[in-house]
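Structural overview
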Amino acid sequence: MVSQFESLIIATLTPLPEELRAKGFLIGSVNLLLQGVNVVPKKDIDFATDFETVQEIAKLGSIKVKKYCKEPKGDAELPFSHLFIDVAGTEVEFFDAITYPGSHYFGHMNPENLVEIKGTLPFSILGLNLTHELEICEKVGKTGKAELIKQV
C-alpha cells in the first residue's frame, strides 16, 4: 500500500518545478501511513502549502485541475485557497494552511515540526511530524486516528 501512495506522490510532484515542490508539505492520512501509522487513507493525498504556491501550481499546464479556488478566503466549499488535481484517478489537494489563519494546520507548518519522509521517493519531501498530526487530530475530534498515532 505504501508503494501505491509513493508512486502517486512521485507522479504528483515530478511535474512541479523544484522550488514549488519544496513548498508543499505532506499531511493527513498518507503522511501518517508513510511515517508508520497503521491507517487506511481514503484514497486522496493532501499537501499543505501557502497561498502563492497554490496559485503557481494552478497555472501549470502539466496538471489536470479538478477544482480550484484562487481567493485567499476560499469559497463555498472550503474557507481557504485550494487546488484539487487528478493524478491517475486519485485526488490530490494543495491548500493554503500556512498563510490562512483559519486552517487547522495554521501555526503547525514550521520547519521544526516537519520531518523528512523516507521511502523510495527519488526526491526529498517533508511531512508534518506525528506530534503535530496528533494535536490536530485531537483538536478536530478524529479520535480513531489519534489513537493510532499514539500506538507508534
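Just above, that's the structure.
This is a predicted model, so every value here is computed, not measured.

Conventions and cut-offs
Numbers given to residues run from 1 along each chain, matching the order in which its sequence is written. Reporting of local features is limited, given that this is a predicted model, to residues whose pLDDT is at least 70; pairs of side-chain atoms are given and counted only at 80 or more, and all residues count toward the totals for whole chains, interfaces and linings. The basis for the side-chain values is all heavy atoms of the structure; hydrogens and waters are excluded. Strands are runs of DSSP state E lasting at least two residues, helices are runs of H or I lasting at least four, and both sets are numbered from the N terminus onward. The buried label goes to any residue with under 20% of its type's maximum accessible area, the exposed label to any with over 50%, and the partly exposed label to all in between, with areas taken from a 1.4 Å probe on protein chains only. His residues and chain termini do not enter the charge count, which takes Lys and Arg as positive and Asp and Glu as negative. We count a salt bridge whenever a side-chain nitrogen from Lys or Arg sits within 4 Å of a carboxyl oxygen from Asp or Glu. We call two N or O atoms a polar contact when they sit within 3.5 Å, provided that within protein one can donate a hydrogen and the other can accept it, with sequence-adjacent residues counted only if both atoms are side-chain atoms. Pairs of residues are marked as contacts when any of their non-hydrogen atoms sit within 4.5 Å. Note: two strands are recorded as paired if DSSP finds a minimum of 2 bridges between them. Note on geometry: axes are C-alpha line fits, over the in-contact stretch for helices, and angles between N-to-C directions span 0 to 180 degrees.

Some remarks on the side chain of glutamate 133
On the secondary structure map, glutamate 133 appears in helix 5 (residues 130-140). Buried charge without a partner: glutamate 133 forms no salt bridge, and the closest opposite charge is lysine 145, 7.1 Å away. Among the polar contacts listed, one links the side chain of glutamate 133 to the side chain of tyrosine 105, at a separation of 3.3 Å. What glutamate 133 contacts, discounting residues up to four positions off in sequence, is Ile27, Gly28, Asn31, Leu32, Tyr105, Leu128 and Ile149.

Description of the sheet that holds strand 7 (residues 126-128)
In space, the 7 strands of this open sheet follow the order 3-4-5-2-1-7-6, with mixed pairing throughout. The open sheet has two free edges, formed respectively by strand 3 (64-69) and strand 6 (114-116), since each of these has just one partner strand. Sheet twist, expressed as the mean angle between neighbouring strand axes with direction ignored, is 30 degrees. Pairing of strand 6 with strand 7 involves 3 bridges; the strand directions are antiparallel. Residue pairing across strands places glutamate 116 opposite leucine 126, the latter belonging to strand 7.

Some details on the environment of phenylalanine 95
Topologically, phenylalanine 95 is positioned in strand 5 (residues 90-96). The buried category is assigned to phenylalanine 95, whose relative accessible area is 6%. Separated by 13 residues in the primary sequence, phenylalanine 95 and histidine 82 place their C-alpha atoms 4.2 Å from one another. Sequence-distant contacts of phenylalanine 95, defined by excluding residues within four places in its chain, comprise Ile27, Asp46, Phe47, Ala48, Thr49, Val54, Phe80, Ser81, His82, Ser103 and Tyr105.

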